[in-house]
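Report on the structure
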Amino acid sequence: MKTEKLPHVVIVGAGFGGLETAQRLRNAPVRITLIDRHNYHLFQPLLYQIAIAGLVPAQIAYPLRTIFRRQRNLTFQMGEVTSIDFDARYVRTNGSVIAYDYLVIAIGGQTNFFGLNAVEENGFQLKSIESATGTRNHLLKMFEQASRAADPEKRKALLTFVVVGGGPTGVETAGALAELITHVMTKDYPEMDLTEARVLLLEATGTVMVAYPAGLRKATMDLLRSKNVEIRLNTKLTDYNGRSISLADGGRIDTYTLIWTAGVRSAELTDRLGVQQAASGRVRVEPTLQLPQRPEVFVIGDAAYVEDANGQPLPMLATVAQQEAKAAAGNIHNVLQGKSLRPFQYKDPGLLATIGRNAAVARIWGLSFSGFIAWVIWVALHIYRLIGFRNRLVVFIHWAWDYFFYDNQIRLITRE
Ligand SMILES: Cc1cc2nc3c(=O)[nH]c(=O)nc-3n(C[C@H](O)[C@H](O)[C@H](O)COP(=O)(O)OP(=O)(O)OC[C@H]3O[C@@H](n4cnc5c(N)ncnc54)[C@H](O)[C@@H]3O)c2cc1C
């Protein structure tokens, strides 16, 4: 069969959703073009490990051309998709125009600052390799500057680290940062009194980990407090100028470090597509994941708005993106074979988050538990889910070293 005669599937985004879709269409009678602005797939759940000097970027990112080396029906193109013409059926990138027969939009999300421009400008976020590496450089610089700060007030502000957002990313970051100070920085800076250092977790609502059962929310708070993280619930931030946080209740926290993990929205391109959007800018889709009136277009992952059986939006999670990818690829198969399409149904695999050394919370198969066993499951699952045997092995060795020697090996301040 001449490959140019085969239907052309264009997949925009090679994150969790796009990657899974492309792999599921491996044996389909289609030509695939996969487009991403990066030449790698990024395992975002471990970005916080880069920020706290636990891992290097190459351990959680993998080159796309290597992943698809053996997939004969796929071509990768690195580029930024700037617009999509749904009538003429093509996508425009910064350099090319690519026509499609079927389109899968899997462009993910971006940090939502809810219009707090000063926070976006002066704070840090964990969404890309650059932002996580920038956060690591900044955190390490704070200790260097504190070590030579004569003014005690300034030193206190340099050693105050504020994480905003009590979801899994905020909890994981705060816990890991507190441990970096207790186990590692105290050894690196024996001349400093690091009992002065504080890690604060600010949460606007009355609880952390809102999606978790009450027992696990309490366990999370207990574990965080045992690692000296100060949790401030019902605390809303209104402004941040790079040195001081203003709170809605009139309070102030002097700090040079604010890490914002309090919101995600769909990627910016969704705002320019002229399609119907729902909460967080996500694109409304049919139960089959097709764009309304555009049966040849599928939207999946963080960019798509899909409700569960109770009318609640599915969370922005890798597991949702991967299951939607499987469903979208299945429906493309169905269209090609003249079969009817199947609506997507999410199967919740449970919840899992780590709070640092020997500490995690989990809800698996309806069972809630926390502590060492949950932590072992978290470690095993995250190593398993990394792409590439080499990465799995290296991360395993890295973590084992850090575990036994109380170390975070990547304590390098590099130029940005
Ligand atoms: C710090 C952090 C921790 C997380 N922890 C967890 C966790 O523990 N468990 C969990 O299940 N989920 C977690 N998530 C969420 C999870 O990473 C996302 O839900 C998942 O990545 C969504 O998959 P996706 O395919 O929709 O988008 P993504 O994986 O974000 O992929 C989108 C891709 O599209 C590309 N792209 C975007 N716009 C364009 C454009 N215009 N042109 C070309 N390419 C473009 C991007 O470069 C990217 O590669 C975490 C996220 C973050 C940021």
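One can find the structure itself at the top, above this paragraph.
Bear in mind the structure is a predicted one, so any value in this text is a computation, not a measurement.

Rules and cut-offs
- Residues numbered from 1 in each chain as written.
- Predicted model: local features only at pLDDT ≥ 70, side-chain atom pairs only at ≥ 80, totals over all residues.
- Heavy atoms only, no water.
- Phe/Tyr/Trp six-rings, centres within 6.5 Å; stacked < 30°, edge-to-face > 60°.
- Helix = DSSP H or I, 4+ residues; strand = E, 2+ residues; numbered from the N terminus.
- Buried < 20%, exposed > 50% of the residue type's maximum accessible area, 1.4 Å probe, protein only.
- Lys NZ or Arg CZ within 6 Å of the ring centre and 35° of its normal.
- Near = heavy atom within 4 Å.
- Polar contact = N/O pair within 3.5 Å; in protein donor to acceptor, adjacent residues only side chain to side chain.
- Areas by Shrake-Rupley, 256 points an atom, 1.4 Å probe, with all protein chains shown as cover.
- Pairing = 2+ DSSP bridges.
- Axes fitted to C-alpha atoms, helices over the stretch in contact; angles between N-to-C directions.
- Contact = heavy atoms within 4.5 Å.
- Patch = residues over 30% accessible without salt bridge, like charges linked within 9 Å, V, L, I, M, F, W, Y side chains within 5 Å.
- Salt bridge = Lys/Arg side-chain N within 4 Å of Asp/Glu carboxyl O.
- Parallel < 35°, antiparallel > 145°, perpendicular 65-115°, else oblique.
- Nonpolar A, V, L, I, M, F, W, Y, C, P; charged D, E, K, R; others polar.
- Lys, Arg positive; Asp, Glu negative; His and termini not counted.

**Let's talk about the packing of aromatic side chains**
For the coordinates displayed, the defined rule picks out nine aromatic pairs. Here the aromatic rings of Phe-16 and Phe-43 are separated by 5.7 Å at their centres, their planes lie at 65°, and the arrangement is edge-to-face. A residue pair is termed long-range when its members are at least 10 positions apart, and Phe-16 in helix H1 (residues 16-24) and Phe-43 in the loop between strand S3 (40-42) and helix H2 (47-51) qualify at 27 residues. Across the pair, exposure class does not vary: Phe-16 and Phe-43 are buried alike. The ring of Tyr-403 has Arg-357 lying over it, and the distance from NZ or CZ to the ring centre is 4.2 Å. The ring centre of Tyr-406 lies 3.7 Å from the NZ or CZ of Arg-357, which sits over that ring.

**Thoughts on unusual backbone geometry**
Located in the positive-phi region is Arg-89, a residue other than glycine, with phi close to 60°. Within the fold, Arg-89 resides in the loop between strand S6 (81-85) and strand S7 (90-93). Given a relative accessible area of 35%, Arg-89 falls into the partly exposed group. Although it is not a glycine, Gln-293 sits at a positive phi angle of roughly 70°. By the element assignment, Gln-293 lies in the loop between strand S21 (290-291) and strand S22 (294-299).

**Let's talk about the site of the ligand**
Inspection of the region around the ligand gives 27 residues, with Gly-17, Asp-36, Gln-44, Val-81 and Asp-302 positioned closest. Take His-38: an N or O atom from its side chain is 3.3 Å from an oxygen atom of the ligand. Within the backbone of Val-81, a nitrogen or oxygen atom sits 2.8 Å from a nitrogen atom of the ligand. Burial of the ligand by the surrounding chains reaches 91%, relative to a free accessible area of 1,000 Å².

**So, the pairing of strand S16 (residues 244-247)**
For strand S15 (residues 237-240) and S16, the ladder comprises three bridges, and the chain directions are antiparallel. Residue pairing for S16: Asp-239 is matched across the bridge by Ser-246. What sits between the antiparallel neighbours S15 and S16 is a turn of three residues, in which Gly-242 has the positive phi angle 95°.

**Regarding the sheet that holds strand S24 (residues 351-356)**
Overall, antiparallel pairing links the three strands, which are arranged S24-S25-S26 in an open sheet. Both outer strands of the open sheet, S24 and strand S26 (367-370), are each paired with one neighbouring strand and no more. The average angle at which neighbouring strand axes cross in this sheet is 5°, direction not considered. Where strand S25 (residues 359-364) and S26 come together, four bridges link them in antiparallel fashion. Residue Val-361 lies in a different strand from S26, and its bridge partner there is Ser-370.

**Observations concerning the environment of Lys-339**
Secondary-structure assignment places Lys-339 in the loop between helix H9 (318-336) and S24. Through-space distance from the C-alpha of Lys-339 to that of Thr-255 is 59 Å; in sequence the pair is 84 residues apart. In terms of polar contacts, Lys-339 uses its side chain to reach the side chain of Gln-337, at 3.0 Å.

**So, the sheet that holds strand S18 (residues 257-260)**
An order of S11-S18-S12-S13-S14 is seen for the five strands of this open sheet, with the pairing classed as parallel. Each edge of the open sheet is held by one strand with a lone partner, namely strand S11 (124-125) and strand S14 (229-232). Examined bridge by bridge, strand S12 (residues 160-164) and S18 share four bridges and lie parallel to one another. Note that in S18 the partner of Val-162 across the bridge is Leu-258. Contacts between helix H8 (residues 214-226) and the sheet are confined to strand S13 (198-202) and S14, with S14 contributing the most and set at about 135° to the helix.

**Focus on a nonpolar patch on the surface**
A grouping of Phe-389, Leu-393, Phe-396 and Ile-397 is seen on the molecular surface, where their side chains present a nonpolar patch of about 450 Å² in accessible area. By secondary structure assignment, the location of Leu-393 is in helix H11 (residues 389-405).

**Notes on the packing of helix H10 (residues 372-385) against H11**
Interhelical geometry of H10 versus H11 gives an angle of 150° and a closest axis separation of 9 Å. For the element pair H10 / H11, the angle class is roughly antiparallel. For the pair formed by H10 and H11, the contact residues are Phe-372, Trp-375, Trp-378, Val-379, His-382, Ile-383 and Tyr-384 on the first element and Arg-392, Val-395, Phe-396, Trp-399 and Tyr-403 on the second. Of the residues belonging to the contact of H10 with H11, the class tally is 10 nonpolar, one polar and one charged.

**Re the side chain of Arg-357**
Looking at the secondary structure, you find Arg-357 in the loop between S24 and S25. It turns out Arg-357 is buried and unbridged, and the closest side chain with the opposite charge, Glu-179, is 5.8 Å from it. From its side chain, Arg-357 meets the backbone oxygen of Tyr-403 in a polar contact 2.7 Å long. Separated by 3.1 Å, the side chains of Arg-357 and Tyr-406 make a polar contact. Setting aside residues up to four positions removed in sequence, Arg-357 forms contacts with Glu-179, His-183, Lys-227, Trp-375, Asp-402, Tyr-403 and Tyr-406.

The values reported here are purely geometric and, on their own, carry no functional implication.
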